[in-house]
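Architecture and fold: a report
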Amino acid sequence: MNEPVRFAIVGCGVIAQTHAEGIMNTAEATLVAVFDENEEKGQRFAEQYGADFYASYEQLLALDHIEVINICTPSGLHAEQTIMAARSGKHIICEKPLAIHTEDVGQMITVCHEEGVKLSTVFPRRVGPAAVFLKQFIAEGGLGKITLADAIMKIYRSQDYYDSAGWRGTWEMDGGGAMMNQGIHLVDMLQWLVGPVESVYGKAAALQRNIDVEDTVVSLLQFQNGGLGVIEMTTTVHPDLGQRIEIHGEKGTAILTEDDITLLQVDGQDIQLPRFEPFKVLPDGHRYQIRDMALAVREDRSPSITGEDGVHALEIILGTYESSRKGESIKLNTKKVGEQV
């Protein structure tokens, strides 16, 4: 690899700092440009990280030397900004969710293919050493047939959190609440570990926060492999109790708490785990995905986590919302999902 891949960041909010640090701490990458609609905020961000600030997205996209755009804007802007970047010949790392409507995600993926650019969605939990080990263990039949698999997220976000930015807690820009914004990582991990979800039956509501979207959601899952599961998520639990995934099969049980395996037992015996390298989803996962994209650009290959990888978690979430509105089970497109996995 002769020279670092040149990155630009669009949107200078909280998560953009993690992207910037990831680029700065990756030898194969360099941050050269920044755009934010708030010029003062964007200028400060650019100065902090030694990048050039551009006053318009179009101006930034016109720069030939930029190779990858990191999109860190509110979710409702992802589709349009990704398509614009792709048509400008830029590769894209887009924060989760890729978009807030499945049809928009489909168009994003199609345009990126047409333009010959690479698209990656940010699912940093997938690259954690414990998660990678568990994925292989389950895939090799370590737990046997999976019969029950749950994702539980009980965290805390105050009303002040939602009030801190006008787009938070809105359908138009956030696309959803606890499940879409915070929970999508755990939703993705569950389906990535266990397999596609065939149908969902859910209930979502704002029970404590004054927001348009849900602060609490429960969804009953039917997996394609026949197993059942439950997603239980809220941003109203005080104190914050964190996140975990519990997977039960005919041979035993695995529990992933945050990014560590806290239980792995088969036939009544604890499985000896390897010594994992220390990993924190923030910032380690983002840094891994940034380096992977840089190498993908130079090696002309697909990134390890693609745009297609962002589809099924979104379908599960949107299916849960639809189920909650209609009061009925929603069948998901498992044929399409099965082809992607």
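Residues numbered from 1 in each chain as written. Predicted model: local features only at pLDDT ≥ 70, side-chain atom pairs only at ≥ 80, totals over all residues. Heavy atoms only, no water.

Bringing the overall build of the chain into the picture now. If you tally the helices and strands in the chain, you get twelve helices and 15 strands. Computed over its C-alpha atoms, the radius of gyration of the chain comes to 20 Å, within 12% of the 20 Å expected for a compact globule of 341 residues. In terms of overall dimensions, the chain has a C-alpha envelope of 55 × 45 × 40 Å along the principal axes. Considering the chain as a whole, with its 341 residues, one finds that 57% of them fall into the buried category. Taken as two groups, the 29 positive and 49 negative side-chain charges of the chain have centres that lie 4 Å from each other. (Helix = DSSP H or I, 4+ residues; strand = E, 2+ residues; numbered from the N terminus. Rg over C-alpha atoms; globule rule 2.2 N^0.38 Å. Buried < 20%, exposed > 50% of the residue type's maximum accessible area, 1.4 Å probe, protein only. Lys, Arg positive; Asp, Glu negative; His and termini not counted. Charge placed at Lys NZ, Arg CZ, Asp CG, Glu CD.)

Another point: the state of the cysteines. Throughout this description, disulfide means a covalent bond between two cysteine sulfur atoms. What the rule picks out here adds up to zero disulfides. Just so you know, Cys72 is unpaired, no disulfide at all, and the nearest cysteine sulfur is the one on Cys12, 8.2 Å from it. Cysteine Cys112 shares no disulfide, and the gap to the nearest cysteine sulfur, in Cys94, comes to 9.3 Å. Judged by relative accessible area, Cys112 falls into the buried class, the value being 2%. (Disulfide = S-S within 2.5 Å.)

In this section: the sheet that holds strand S6 (residues 119-121). Read across the open sheet, the six strands follow the order S3-S2-S1-S4-S5-S6; overall the sheet is parallel. At either margin of the open sheet sits one strand with a lone partner, and together these are strand S3 (52-54) and S6. Direction aside, the axes of adjacent strands within the sheet are offset by 25 degrees on average. Sheet topology note: the strand S1 (residues 5-10)/strand S4 (residues 68-71) ladder contains four bridges and is parallel. Opposite Phe7, over in S4, you have Val68 as the bridge partner. Lying on the sheet, helix H2 (residues 39-49) is in contact with S1, strand S2 (29-35) and S3; it crosses S3 at an angle near 160 degrees. (Pairing = 2+ DSSP bridges. Axes fitted to C-alpha atoms, helices over the stretch in contact; angles between N-to-C directions. Contact = heavy atoms within 4.5 Å.)

Attention now moves to helix H11 (residues 311-326). Here H11 spans 22 Å end to end across 16 residues, near enough to the 22 Å set by a 1.5 Å rise per residue. Burial within H11 is extensive, with twelve of its 16 residues counted as buried. Turning to H11, its buried residues are Val311, His312, Ala313, Leu314, Glu315, Ile316, Ile317, Gly319, Thr320, Tyr321, Ser323 and Ser324. (Expected span 1.5 Å × (residues − 1).)

Our focus in this paragraph is the packing of aromatic side chains. Inspection of the entire model under this criterion finds six aromatic pairs. Here Phe133 and Phe137 contribute two aromatic rings whose centre-to-centre distance is 6.2 Å and whose plane-to-plane angle is 20 degrees, an arrangement assigned as stacked. You can see Phe133 and its partner Phe137 sitting in helix H6 (residues 129-139), four residues apart, about one turn around the helix. In this structure Phe133 comes out as partly exposed when scored by relative accessible area, which is 23%. Note on Tyr161 and Tyr162: the rings are 5.0 Å apart at their centroids and 80 degrees apart in plane angle, and the pair reads as edge-to-face. Judged by relative accessible area, Tyr162 falls into the buried class, the value being 4%. Among the aromatic residues, those joined into a ring-pair cluster are Phe133, Phe137 and Phe276. One cation-aromatic arrangement involves Arg157 over Tyr161; the distance from NZ or CZ to the ring centre is 5.5 Å. (Phe/Tyr/Trp six-rings, centres within 6.5 Å; stacked < 30°, edge-to-face > 60°. Lys NZ or Arg CZ within 6 Å of the ring centre and 35° of its normal.)

Running from N to C, helix H1 (residues 14-24) and helix H10 (residues 281-299) cross one another at 60 degrees; their axes reach a closest spacing of 8 Å. By the criterion of interaxial angle, the relationship of H1 to H10 is oblique. Between H1 and H10 lies a crossing of right-handed hand. Along the contact surface, H1 presents Ile15, Thr18, His19, Gly22 and Ile23, while H10 presents Leu282, Pro283, His286, Arg287 and Ile290. Partitioned by chemical class, the residues of the contact of H1 with H10 number five nonpolar, four polar and one charged. (Parallel < 35°, antiparallel > 145°, perpendicular 65-115°, else oblique. Left-handed = near helix turned anticlockwise from the far one by under 90°. Nonpolar A, V, L, I, M, F, W, Y, C, P; charged D, E, K, R; others polar.)

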